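# Examination of the molecular architecture
Residue strings, one per chain:
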Amino acid sequence: MDIPYIPGRGLLPELPLGRFLPPIPGGMVSEWCQKFLSPGDWVLDPFGFNPMVPIEIASEGFKVLVTVNNPIHAFMLKIIASAPQEEELIAALQDLAITPKGDERMEPYIRGLYQVTCANCKRQIEADSFLWEKGSDYPFAAQVECPYCSAVGEQEISSEYKEILGALPPIQLHQARALNRIVGRDDKMRSQVINALNTYPARPLIVLQTIINRLDSLEQSPRRRELLIALILSAADQGNTLWAHPSPRNRPRQIVIPSVYQERNLWKVLEESIKTWQVIQTPIPLQIWNDAEINIPGISLYPGRIRELTPQPGRSFFSAILSAVPRPNQAFWTLSALWTGWIWGQEAISPIRNVLARQRYDWNWHTNALNGVFDAFNNYRHPGLKLWGLVAENEPMLLLATLMAAETSGLTLSAFSHSLDDQLAQCYWREHPIPRHHNKPDSAIKIAQQSVRQFLSRKGEPANYQQIHSAAITGLAGENKLALDIFLQNPNNAASETQKWIEALFTEGDLLIKIGGGTASIETGEWWIKNPSITSIPLIDRVEEALLNHLITAEVTSAQEVKSFIYQSFPGLFTPEDKVLLNCLESYAELIDQEKHLWKLRDNERPGIRETEIDTIRGILKKMGERLNYQILGDDPILWLDALETSPIYSFHVLSTAIISKHIQEDRSKARTKVLVFPGGRANLLAFKKQRDPLLAKILDHEFLAIKFRLIRDLDANPLLSRDLFIEQIQIDPPEYRSSQLALF
């Protein structure tokens, strides 16, 4: 079941409308294609929600058919694949800039709607954006960058100027145009569209409708027109109220106006979007799907649902099905309907018209919707077909919906991996070898319990709710036991009822115990086996050991090479987080090239040097114990005994690493004070381990002291050393964690 996680290459690509797209790290799809596909293979992307998925497939020299029901998705793919260049995007915008608007041109007209007075120098300037409180008649502040006095930031808008800003052109005509391009006067959906239009404040709506109204009269080539439409789409996205302020992450899923939101200067947005649409450098061939023979790598686009695909290829046509699995998003689909109507008219909305009526996308609905897509490519399944799904923005219910939908469509989960950093699950499926048996809760719950117990035993340390939930449902999906017949009888509640059944693992029986996080929610804190038997060495200790061996073997290594090596060593649900890798790297290696992310083992961390140092510290401890009139026994641990005591006073474990689990578990000395002695370079890593593992923290706080080599040397050099001074000194400087200022990429 476990398979190595395939990472991307660096940061997420910045995409137009990116806040609504499944975030797939760049290079991830390319890497999968290189590993699993052969020359000439055809790939199917049945969802088409992220344009970079088919683009990366085609960039690797393969042919890909992508089915796209949303006109906005289809348009984005077409434009991005064409690799627009800066100069042609600028030219397209310039066509709009110089078009007449009354007695002036379009650019100064729009810029004039964002004029404010700088609070610092009192000159008239153009605001970058306005800040609004929900329900207010005027913005309360402007965000500016004054070209005269260099004032930058947020400035309060005076009452006098609020009146000036409120004096906008009449909006009624613009509202009517925005409404009528989407629905007719007697359309039953008209009220829903009116509600959706309320997400646009007056100024952005006026600007957008003014621009769109000029599209038909502009004398442009078809190419320039499409590029201008692309820029307008970016402005339409930035112009609504779904931009909470301040917020580092604006990824709305519902049409809900924030309590404070930002209204951007839409002309500046148009200018900034020129860069946003330049995603790739080399164009990818793209054509509309037909039955003609296609002999060159590229993208075939079918603008419709997978179940409507015509002409239909043969069963063995596709070598692989690869797609980013979407999550429910009422906000994007509703806005897509608005934008589609504004730009292409009412007829263009017909493929997605029903989204205007649906105000709620719950997980039961989403499970059924995904199931419909999985069912639709039944005709293309064959024994050699490779099925790979990317579940981005992964969360328990999204993964549950995906796995249930696949299983009820006749697919078995064959392999799985997950990254907590990317919040992305990678799912591999195969066709059921035999028809599904009737699944009963009693037998299925045993599989879920066994999956969770095995996961925690192998991890060797507590895990959070999402990790354990994933272990349970992937274990069930791998046995075709996730979709239970008792719940499938009511498809409109199947996912939610299955989730309640899964949650019982956390709250009932003798399987799990919660550590920290309070009692308000099962999703907080960490979880551990209630009655553990034999467990593995903690995952972080095994990662540290593997990474150290890699650093010793490699003269110089890159962050990408480290990830690749570690992910191969720890597959599936055990993919280590970046902060684990970074803390281990910083403990042993130095960053020798920050731009290329190159690391090298420190000279003093080489095995021979550390072994010599350990021998030296052990020698010092033995002599120091004799100096303090203790009897000395052993080497690992070193015991200090007093003639008047039956148990050792101290036990010392001298380590070169922060891999302390073995010493903690095997120390049977019954010493009054147990001491871990380690190099100073290991202090932050040990403190990090303690911070992330509440079980380890409890042991270290109550049973062990942790001290550095340097302190042992300092105490040995102190001529006034006594027993009292020794115990006092070894307690005053415990390791404290300081988070890294670096990033792995």
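What comes next concerns the included structure. (Residues numbered from 1 in each chain as written. Predicted model: local features only at pLDDT ≥ 70, side-chain atom pairs only at ≥ 80, totals over all residues. Heavy atoms only, no water.)

### Observations regarding unusual backbone geometry
Cis peptide bonds are those with omega within 30 degrees of zero, and the linkage from threonine 310 to proline 311 qualifies with -10 degrees. Relative to the helices and strands, proline 311 is located in the loop between β12 (298-302) and β13 (320-325). A cis amide bond links aspartate 636 with the next residue in sequence, proline 637, at an omega value of 10 degrees. Relative to the helices and strands, proline 637 is located in the loop between β22 (631-633) and β23 (638-641). For glutamate 393, which is not a glycine, the phi torsion comes out positive at approximately 50 degrees. Positionally, glutamate 393 belongs in the loop between β14 (386-391) and α15 (396-408). (Helix = DSSP H or I, 4+ residues; strand = E, 2+ residues; numbered from the N terminus.)

### Brief notes about the sheet that holds strand β19 (residues 557-558)
Two pairing modes exist for strands in a sheet, parallel and antiparallel, and in both the strands are linked by backbone hydrogen bonds. Strand order in the open sheet formed by 3 strands is β19-β21-β20, and the pairing between neighbours is antiparallel. Among the strands making up the open sheet, the edge pair consists of β19 and β20 (589-593). (Pairing = 2+ DSSP bridges.)

### Brief notes about the environment of threonine 498
Note that threonine 498 resides in helix α19 (residues 494-507). The buried category is assigned to threonine 498, whose relative accessible area is 0%. In contact with threonine 498, other than residues within four places in its own chain, are Leu400, Met404, Leu482 and Phe487. Among the polar contacts listed, one links the side chain of threonine 498 to the backbone oxygen of alanine 494, at a separation of 2.7 Å. (Buried < 20%, exposed > 50% of the residue type's maximum accessible area, 1.4 Å probe, protein only. Contact = heavy atoms within 4.5 Å. Polar contact = N/O pair within 3.5 Å; in protein donor to acceptor, adjacent residues only side chain to side chain.)

### A short note on the layout of surface pockets
Estimates place the volume of the largest pocket at around 1200 Å³. Surrounding the largest pocket, 45 residues form its lining, Leu12, Pro13, Glu14, Leu15 and Arg251 being those nearest its centre. Looking at the lining of the largest pocket, the elements with two or more residues in it are α10 (222-238), α11 (266-276) and α21 (559-569). For the lining of the largest pocket, the leading source of residues is α11, giving 5 residues. The residue makeup of the lining of the largest pocket, split by class, is 21 nonpolar, 12 polar and 12 charged. Estimated volume of the second largest pocket: approximately 730 Å³. (1 Å grid on protein atoms, 1.4 Å probe; cavity = no way out; pocket = protein on both sides within 12 Å on 5 of 7 lines; lining within 4 Å. Points joined across faces, edges and corners; volume = space filled by probe spheres on them. Nonpolar A, V, L, I, M, F, W, Y, C, P; charged D, E, K, R; others polar.)

### A few points about the side chain of arginine 327
One can find arginine 327 in the loop between β13 and α12 (330-344). Within the structure, the side chain of arginine 327 is placed 3.3 Å from the backbone oxygen of glutamate 393, a separation counted as a polar contact. Discounting residues that sit within four places of it in the chain, arginine 327 has contacts with Arg253, Trp363, His366, Glu393, Glu395 and Leu398.

### Remarks on the nonpolar core
In this structure, Leu338, Trp339 and Trp342 are the most contacted members of the largest nonpolar core, which totals 222 residues. What leucine 338 contacts, discounting residues up to four positions off in sequence, is Ile182, Val193, Ala196, Leu197 and Tyr200. Grouped together as the second largest cluster of nonpolar side chains are 24 residues, Ile620, Leu621, Ile638 and Val677 included. (Core = buried A, V, L, I, M, F, W, Y, C linked by side-chain atoms within 4.5 Å.)

### Some points on empty space enclosed by the protein
The final tally for this structure, using the stated rule, is 3 cavities of 30 Å³ or more. Phe20, Leu21, Arg327, Asn329 and Glu393 are, among the 17 residues lining the largest cavity, the residues nearest its centre. Within the lining of the largest cavity, the residues separate by chemical class into 11 nonpolar, 1 polar and 5 charged. As for the second largest cavity, its lining consists of Pro46, Phe47, Ile321, Ser323, Val325, Phe374, Phe377, Leu387, Trp388, Gly389 and Trp429. Residue assignment for the lining of the second largest cavity shows that the elements contributing at least two residues are β13 and β14.

### What about the pattern of salt bridges?
Side chains that differ in sign of charge can pair as their charged atoms come close. Following the criterion strictly, the structure yields 36 salt bridges and no others. With its nearest N and O atoms 2.5 Å apart, the salt bridge here joins lysine 689 to glutamate 544. Highlighted residues: lysine 689 in helix α25 (residues 683-692) and glutamate 544 in helix α20 (residues 539-553), separated in sequence by 145 residues. Neither lysine 689 nor glutamate 544 differs from the other in exposure class; each is buried. For aspartate 642, the salt bridge goes to arginine 723, with nearest N and O atoms at 2.6 Å. Placement of the pair is aspartate 642 in the loop between β23 and β24 (650-654) and arginine 723 in helix α28 (residues 723-729), with a sequence separation of 81 residues. Exposure remark for aspartate 642: the relative accessible area of 14% places this residue in the buried category. Under the relative-accessibility criterion, arginine 723 is labelled partly exposed at 29%. Members of the salt-bridge network, linked through shared partners, are Arg251, Arg253, Arg327, Glu393 and Glu395. (Salt bridge = Lys/Arg side-chain N within 4 Å of Asp/Glu carboxyl O.)

### Details of α11
With respect to burial, α11 is a largely interior element, 8 of its 11 residues being buried. Among the residues of α11, those classed as buried are Leu266, Trp267, Lys268, Val269, Leu270, Ser273, Ile274 and Thr276. Capping the start of α11 is the job of one residue whose side-chain oxygen sits 3.1 Å from the backbone nitrogen of tryptophan 267: asparagine 265.

### A look at the packing of aromatic side chains
The geometry of two aromatic rings is summed up by the distance between their centres and the angle between their planes. Per the stated rule, a full pass over the model turns up 33 aromatic pairs. Ring centres of tyrosine 361 and tryptophan 365 lie 4.7 Å apart, and the angle between their planes is 85 degrees; this geometry places the pair in the edge-to-face category. Ring geometry for tyrosine 650 against phenylalanine 652: centres 5.6 Å apart, planes inclined by 20 degrees, an arrangement best described as stacked. One exposure class covers both tyrosine 650 and phenylalanine 652, and it is buried. (Phe/Tyr/Trp six-rings, centres within 6.5 Å; stacked < 30°, edge-to-face > 60°.)

### Some words on the pairing of strand β21 (residues 598-601)
The side-chain alternation of β21 yields one buried face, formed by Trp599 and Leu601, and one unburied face, formed by Leu598 and Lys600. Here 2 bridges tie β19 to β21, and the two strands are oriented antiparallel to one another. Note that in β21 the partner of serine 558 across the bridge is leucine 598. Both β20 and β21 contribute to a ladder of 4 bridges, which runs antiparallel. Bridge assignment links leucine 591 to a residue of β21, and that residue is tryptophan 599. Connecting β20 to the next strand, β21, in antiparallel fashion are 4 residues, including histidine 597 with a positive phi near 55 degrees.

### Comments concerning the environment of tryptophan 339
Among the structural elements, tryptophan 339 can be located in helix α12. Exposure remark for tryptophan 339: the relative accessible area of 1% places this residue in the buried category. Here the alpha-carbon distance between tryptophan 339 and proline 84, two residues 255 residues apart in the chain, equals 21 Å. Not counting chain neighbours up to four residues away, the residues in contact with tryptophan 339 comprise Leu17, Phe20, Ile72, Tyr200, Leu233, Ala236, Asp237, Asn240 and Phe332. Of the polar contacts made by the side chain of tryptophan 339, one reaches the side chain of tyrosine 200; its length is 2.8 Å.

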